[in-house]
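Remarks on the overall topology
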Amino acid sequence: MAKKEIIEMGRGVYARLHEGLTNAGFIVGDESVLVIDSLRVPSFAKDLIRDIKKVTDKPVNYVVDTHSHWDHSWGNQEFPDAIIIGHENCYGEMLDVEATTRWRNKVVSANDPWSKEAATVKITPPNLTFETSMRLYFGGRQIDLRYFGRAHTSGDIFIHLPDDKILFTGDVAQNGGVPFLGDGYMEDWPDTDARLLELPMEQFMAGHGPIGTPPDLHDARDFIVDLLDNIRTSKLEHRTPIEASTVAVKDLYGKYGEWRSFERVEETLPDLYSKIQ
């Protein structure tokens, strides 16, 4: 069974790390709890709720979706009384029948322990959205929700606690991990990362992997920049997608080869190749 760990990043601010799967965060306020990402299926959300109850008996009144991907948001239905906050593009993606059907078919056909449950998930999009930013005052602290542009999806948001210097990055930037690239906007991603790096922080929790520090966030940005530069060089040299994939793996392995999910470079680059100018 994958290891779970709850880490208090700051007063009342928790990272719930799930090794090899998806992380969630939660913030304990004066009267209620704010959850960051509801996880992949209702049973995972229920497990998250049980873990929160080990810390506090306050109800979950807010859920923030960092983005639309199934493993972060398909637990939303377990919070029927909560205000669910996300970017307006996240809302649109979760209502995209073609995209959600494609994801559901992929998850169900994978025959993972959660596949059968995924077949019956009631996809529940945010009921409160914003365009560029939203500020909450919760539990005596300021929480800034920020949108900096497309990256991992069209609706990635970041949860920044400026006084605590804590940041939640979703899947845009991980500590030592290659994000899923298949839905990404590679040419927009570096600019989004550049704006993300301007936020003052001392530690961050991503959607996957361990808690990171500022150097880890810079490394995450460098990976995207290096991969994009590599792809553009291959296009200039008229390589085929398969050739470009082979070259990228070879060139990037020295710096990033030990990262989690490095195999995604070879798996997804051929599909990305045609999208890059």
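Throughout what follows, the structure given in this document is the object of discussion. Not measured: the values here are computed from a predicted model.

The helix and strand tally for the protein chain stands at 9 helices and 12 strands. Relative to its length of 277 residues, the protein chain is compact, with a C-alpha radius of gyration of 18 Å against a globular reference of 19 Å. Dimensions of the protein chain along its principal axes, counting C-alpha atoms only, are 60 × 40 × 35 Å. Residues classed as buried in the protein chain amount to 55% of the 277 residues present. Nonlocal contacts in the protein chain, meaning residues at least 24 apart in sequence, comprise 64% of its contacts between residues at least 6 apart. As presented, the protein chain carries roughly 12500 Å² of accessible surface, and 49% of it is formed by carbon and sulfur atoms. Within the protein chain, one finds 30 positive and 45 negative side-chain charges whose respective centroids are separated by 3 Å.

The next point concerns the nonpolar core. With 33 residues, the main nonpolar core has Leu167, Leu181, Met186, Leu196, Phe223, Leu227 and Leu269 as its most contacted residues. Broken down by element, the residue count for this core peaks at 7 residues, all from helix H7 (residues 214-236). Apart from residues lying up to four places away in sequence, Leu269 is in contact with Leu227, Ile231, Pro241, Ala244, Ser245, Ala248 and Arg264. In terms of nonpolar packing, the next biggest core, distinct from the first, is built from 29 residues, Val28, Val33, Phe44 and Ile84 among them.

Okay, the pairing of strand S10 (residues 158-161) next. Burial of S10 is two-sided: the residues Phe158 and His160 facing one way and the residues Ile159 and Leu161 facing the other way are all buried. Pairing between strand S9 (residues 141-146) and S10: 3 bridges, direction antiparallel. Its bridge partner lying in S10, Leu145 is registered against Ile159. Taken together, the 3 bridges between S10 and strand S11 (residues 166-170) define a ladder with antiparallel strand orientation. Each bridged residue has a counterpart across the sheet, and for Ile159 the counterpart in S11 is Phe168. Hairpin connection of S10 to S11: 4 residues between the antiparallel strands, including Lys165 at a positive phi of 55 degrees.

The next thing to look at is empty space enclosed by the protein. Summed over the entire model, instances satisfying the criterion amount to 1 cavity of 30 Å³ or more. Within this model, the largest cavity holds a volume of roughly 40 Å³. As for the largest cavity, its lining consists of Val172, Ala173, Gln174, Gly177, Pro179, Trp189, Ala220, Phe223, Ile224 and Trp259. Ranked by residue count, the leading element in the lining of the largest cavity is H7, at 3 residues. Per-class residue counts for the lining of the largest cavity are 8 nonpolar, 2 polar and no charged.

Thresholds, definitions, all that
Residues numbered from 1 in each chain as written. Predicted model: local features only at pLDDT ≥ 70, side-chain atom pairs only at ≥ 80, totals over all residues. Heavy atoms only, no water. Helix = DSSP H or I, 4+ residues; strand = E, 2+ residues; numbered from the N terminus. Rg over C-alpha atoms; globule rule 2.2 N^0.38 Å. Buried < 20%, exposed > 50% of the residue type's maximum accessible area, 1.4 Å probe, protein only. Contact = heavy atoms within 4.5 Å. Areas by Shrake-Rupley, 256 points an atom, 1.4 Å probe, with all protein chains shown as cover. Lys, Arg positive; Asp, Glu negative; His and termini not counted. Charge placed at Lys NZ, Arg CZ, Asp CG, Glu CD. Core = buried A, V, L, I, M, F, W, Y, C linked by side-chain atoms within 4.5 Å. Pairing = 2+ DSSP bridges. 1 Å grid on protein atoms, 1.4 Å probe; cavity = no way out; pocket = protein on both sides within 12 Å on 5 of 7 lines; lining within 4 Å. Points joined across faces, edges and corners; volume = space filled by probe spheres on them. Nonpolar A, V, L, I, M, F, W, Y, C, P; charged D, E, K, R; others polar.

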